[in-house]
Amino acid sequence: MEILLIIRFCCNCTYALLYKPIDRVTRSTLVLHDLLKHTPVDHPDYPLLQDALRISQNFLSSINEDIDPRRTAVTTPKGETRQLVKDGFLVEMSESSRKLRHVFLFTDVLLCAKLKKTSAGKHQQYDCKWYIPLADLVFPSPEESEASPQVHPFPDHELEDMKMKISALKSEIQKEKANKGQSRAIERLKKKMFENEFLLLLNSPTIPFRIHNRNGKSYLFLLSSDYERSEWREAIQKLQKKDLQAFVLSSVELQVLTGSCFKLRTVHNIPVTSNKDDDESPGLYGFLHVIVHSAKGFKQSANLYCTLEVDSFGYFVSKAKTRVFRDTTEPKWDEEFEIELEGSQSLRILCYEKCYDKTKVNKDNNEIVDKIMGKGQIQLDPQTVETKNWHTDVIEMNGIKVEFSMKFTSRDMSLKRTPSKKQTGVFGVKISVVTKRERSKVPYIVRQCVEEVEKRGIEEVGIYRISGVATDIQALKAVFDANNKDILLMLSDMDINAIAGTLKLYFRELPEPLLTDRLYPAFMEGIALSDPAAKENCMMHLLRSLPDPNLITFLFLLEHLKRVAEKEPINKMSLHNLATVFGPTLLRPSEVESKAHLTSAADIWSHDVMAQVQVLLYYLQHPPISFAELKRNTLYFSTDV
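A quick note: this is a predicted structure, and the numbers were derived from the prediction, not measured.

Thresholds applied
- Residues numbered from 1 in each chain as written.
- Predicted model: local features only at pLDDT ≥ 70, side-chain atom pairs only at ≥ 80, totals over all residues.
- Heavy atoms only, no water.
- Pairing = 2+ DSSP bridges.
- Helix = DSSP H or I, 4+ residues; strand = E, 2+ residues; numbered from the N terminus.
- Contact = heavy atoms within 4.5 Å.
- Axes fitted to C-alpha atoms, helices over the stretch in contact; angles between N-to-C directions.
- Salt bridge = Lys/Arg side-chain N within 4 Å of Asp/Glu carboxyl O.
- Buried < 20%, exposed > 50% of the residue type's maximum accessible area, 1.4 Å probe, protein only.
- Parallel < 35°, antiparallel > 145°, perpendicular 65-115°, else oblique.
- Left-handed = near helix turned anticlockwise from the far one by under 90°.
- Nonpolar A, V, L, I, M, F, W, Y, C, P; charged D, E, K, R; others polar.
- Core = buried A, V, L, I, M, F, W, Y, C linked by side-chain atoms within 4.5 Å.
- Expected span 1.5 Å × (residues − 1).
- Arc of directions from axis to C-beta.

J.: Even after reading the chapter, I still don't get the sheet that holds strand E3 (residues 84-94), so can you show me in this structure?
T.: Sheet strands pair via backbone hydrogen bonds, and the direction of the pair is either parallel or antiparallel. Taken in spatial order, the seven strands make up an open sheet running E6-E5-E4-E3-E9-E8-E7, and their pairing is antiparallel. Bordering the open sheet on either side are strand E6 (126-133) and strand E7 (137-138), each of which pairs with just one other strand. Across 10 bridges, the pairing between E3 and strand E4 (residues 97-106) is antiparallel. From the neighbouring strand, Glu 92 faces E4, where its bridge partner is Lys 99. Across the sheet, helix H7 (residues 251-264) lies against E3, E4, strand E5 (109-115) and E6, angled at about 110° from E6, the strand it touches most.

Here it is, written out as structure tokens:
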């Protein structure tokens with residue numbers, strides 16, 4: 001009876017131990033040690049004493065501020081040391097809505113928590129939503145996943161609107177700081193920016209990550225990156241190789257473990273830019289050129305390919321994909337990609353084995369699941385990347401080595417258009433010169449690329465968004481410039497992303513944008529009008545003001561992009577996606593204007609790109625625009641010319 005009273009006393013004390021002197025905590029622990037030493041193992045009170053000792057030790061660990069957070073111990077039910085292995089913010093689908101959670105992976109348990117709302121000045125704490133002992137955690141294979149409520153992606157235009165607001169707020173904050181504005185005004189702007197960044201972080205992820213408790217419930221997280229999903233899966237599976245046992249935490253043990261999370265965590269802030277210090281790098285804005293050369297280290301032949309991801313607005317996006325190199329242990333791709341960066345700081349490379357088994361279909365998105373063979377990440381150091389020369393490196397991933405090269409072009413450099421010195425080709429030559437020479441209404445290169453995309457690429461996932469291989473694009477450019485008779489044969493054999501990339505390159509290399517330098521300021525003013533009727537009149541007047549070759553080609557491209565967007569359920573390319581890809585290519589400020597108005601990379605993104613996207617989106621969302629109605633005295637063009 002006396003032993004039970006001591007145990008009850010110790011348990012009651014645990015709630016207050018964090019607020020008592022350390023010597024009292026130590027004395028209580030020593031008492032429990034002595035009691036255990038003199039209590040027979042088979043005595044019914046022995047397990048209770050063990051529990052009381054473990055709880056006391058946990059409190060001792062949690063108040064020791066000098067211990068490295070990663071090494072701070074929490075005791076497991078088996079009396080072993082429990083350590084934090086990994087933690088981070090994930091979006092959980094809970095009751096058909098998205099919730100931001102802080103997930104903690106310990107050596108024997110996965111715990112999902114959220115920060116409690118606390119009043120000003122009070123210490124923040126976590127509230128445990130659920131936990132799964134790793135011995136009970138299983139990953140349902142994609143084809144075995146239960147049919148679940150469909151996860152509806154957030155509308156692209158709303159995500160882009162958030163980005164626009166974030167960029168505009170960044171610019172306002174910079175202006176306030178430059179003008180030494182009031183700190184209250186800056187804090188107010190930062191608060192608004194955080195709210196928009198938080199919404200973007202919450203609503204952008206779409207990649208499903210399921211975990212299941214073999215004794216009950218399944219849980220679904222949504223991630224922005226396959227890399228991230230693989231990291232969590234691998235970390236859990238590595239721990240599961242140990243001799244783990246199932247257990248149930250008592251309410252006190254769960255409270256202690258959850259209480260330790262705040263101190264043990266390694267990720268302290270939600271990954272948004274408003275949480276960064278002012279002196280932290282804003283990231284790179286512009287174009288990253290990456291050549292994926294080769295890979296080695298595979299133990300057996302496989303069908304292999306790589307994907308490239310970069311971070312943007314706090315989450316990662318897949319930007320490029322090599323071709324599949326079949327049945328080999330040493331693939332040699334030598335493929336170059338151009339990736340647009342939006343404040344990016346990291347590049348990720350993932351290596352996959354292509355799966356052709358149609359039975360392995362992910363029920364969440366109805367896509368065949370390929371196996372990740374390796375993954376790696378490098379920081380985009382401006383000093384290393386921002387040179388005119390290629391920088392070659394090797395990234396190691398699970399025993400696999402991938403060789404790649406990269407160089408960076410800043411956004412202000414990308415604005416420079418270099419007219420072709422020879423007028424015989426099509427790239428870098430005025431569109432009026434090309435159409436007059438060809439006696440056509442729309443340049444031959446535009447018609448042929450559009451025709452090929454509509455023939456066999458209109459259902460390709462990420463068409464126009466996924467980069468084509470740069471060497472293939474350059475080969476097509478040379479063939480079109482030379483007016484080679486084998487153009488059609490080459491087009492039919494070429495990867496469709498390279499053809500899409502060639503079309504984008506043609507418009508980018510025009511001596512001036514398709515919608516002209518002269519009209520650029522007017523387009524910016526027109527899209528900003530709030531009155532619908534005034535905006536309609538202005539935007540239609542601007543089209544009428546374009547030279548005929550530019551207008552006809554623009555309308556031709558417009559109808560093509562609308563047809564691509566009709567296949568959005570298959571190709572995942574909405575009107576907004578397409579406007580994001582093509583807007584900055586068709587409509588850019590002249591070099592003189594950009595230098596006069598813009599001072600930083602963030603400003604360029606805020607003031608230019610977002611508005612350019614909105615201009616193209618306006619025309620894409622507009623009912624069919626007739627050339628005859630715009631210019632009544634001009635015959636409507638035919639693509640057969």
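Structure shown, so let's carry the discussion forward.
J.: How do you make sense of the sheet that holds strand E19 (residues 391-397) when you look at a structure like this?
T.: With antiparallel pairing, the four strands of this open sheet are ordered in space as E14-E10-E20-E19. Where the open sheet ends on each side, the last strands, each with one partner, are strand E14 (332-344) and E19. Each strand axis lies, on average, 30° off the axis of its neighbour in the sheet, ignoring direction. One ladder, built from 10 bridges, connects strand E10 (residues 284-296) with E14; its direction is antiparallel. Considered in E14, the bridge of Leu 284 is made with Ser 344.

J.: Just checking my understanding: could you explain the pattern of salt bridges for this structure?
T.: Should the charged atoms of two oppositely charged side chains come close, the side chains can pair. Taken as a whole, this structure holds 15 salt bridges when the rule is applied. Salt-bridge contacts for Asp 370 lead to Lys 354; the nearest nitrogen and oxygen are separated by 3.7 Å. Taken as a pair, Asp 370 in the loop between strand E17 (367-368) and strand E18 (371-379) and Lys 354 in the loop between strand E15 (346-353) and strand E16 (361-362) lie far apart in primary sequence, 16 residues in all. On the basis of relative accessible area, Lys 354 is assigned to the partly exposed category, the value being 24%. Measuring nitrogen to oxygen at the nearest pair gives 3.0 Å for the salt bridge that ties Lys 477 to Glu 509. Taken together, the residues span a long stretch of sequence, with Lys 477 in helix H12 (residues 470-482) and Glu 509 in the loop between helix H14 (496-508) and helix H15 (520-527) at a distance of 32 residues. Of the residues examined, Lys 477 reaches a relative accessible area of 18% and is grouped as buried. Here the salt bridges do not stand alone but share partners, grouping Glu 452, Lys 455 and Arg 456 into one network.

J.: Looking at this structure, how should I read the packing of H15 against helix H16 (residues 532-544)?
T.: To describe two helices that pack against each other, one gives the angle between their axes and the distance between the axes. Relative to each other, H15 and H16 sit at 160°, their axes nearing to 9 Å. Taken together, H15 and H16 sit at an angle that is classed as roughly antiparallel. Judged by the twist between their axes, the crossing of H15 over H16 is left-handed. On the side of H15, the interface is formed by Ala 522, Phe 523, Gly 526 and Ile 527, while H16 contributes Lys 535, Cys 538, Met 539 and Leu 542. The class makeup of the residues in the contact of H15 with H16 is six nonpolar, one polar and one charged.

J.: Just to check I follow, could you spell out the nonpolar core for this structure?
T.: Soluble globular proteins tend to pack their nonpolar side chains together in the buried interior. Within the largest apolar cluster, 71 residues are counted, with the highest numbers of intra-cluster contacts made by Tyr 464, Phe 523, Phe 554 and Tyr 619. No other element matches helix H17 (residues 548-565), which puts 10 residues into this core. Residue contacts for Phe 554: discarding those within four places in its chain leaves Leu 514, Leu 515, Leu 543, Leu 586, Leu 616 and Tyr 619. Listed in part, the 29 residues of the second largest apolar core include Leu 304, Ile 339, Ile 395 and Ile 400.

J.: What am I meant to see in unusual backbone geometry here?
T.: Among all residues save glycine, negative phi is the norm, and among peptide bonds the norm is trans. Of note, the phi angle at Ser 96 is positive, near 65°, even though the residue is not glycine. The backbone of Asn 483 shows a phi angle near 55°, a positive value even though the residue is not glycine. Tracing the sequence through the fold places Asn 483 in the loop between H12 and helix H13 (487-493). We classify Asn 483 as exposed; its relative accessible area is 61%.

J.: Quick question: what am I supposed to make of H7 here?
T.: Residues spaced three or four apart along an α-helix point in a common direction, a consequence of the helix completing one turn every 3.6 residues. The end-to-end C-alpha separation of H7 is 20 Å, in line with the 20 Å expected for 14 residues at 1.5 Å each. Of all 14 residues that make up H7, 10 are buried, and the element is covered over most of its length. The complete set of buried residues in H7 reads Val 252, Glu 253, Val 256, Leu 257, Thr 258, Ser 260, Cys 261, Phe 262, Lys 263 and Leu 264.

J.: Please clarify how H16 should be interpreted in this entry.
T.: End to end, H16 covers 18 Å across 13 residues, agreeing with the expected 18 Å (1.5 Å per residue, within 8%). Three or more residues of H16 are buried, namely Lys 535, Met 539, Met 540, Leu 542 and Leu 543. The buried residues of H16 occupy one face: seen down the axis, they fall within an arc of 155°.

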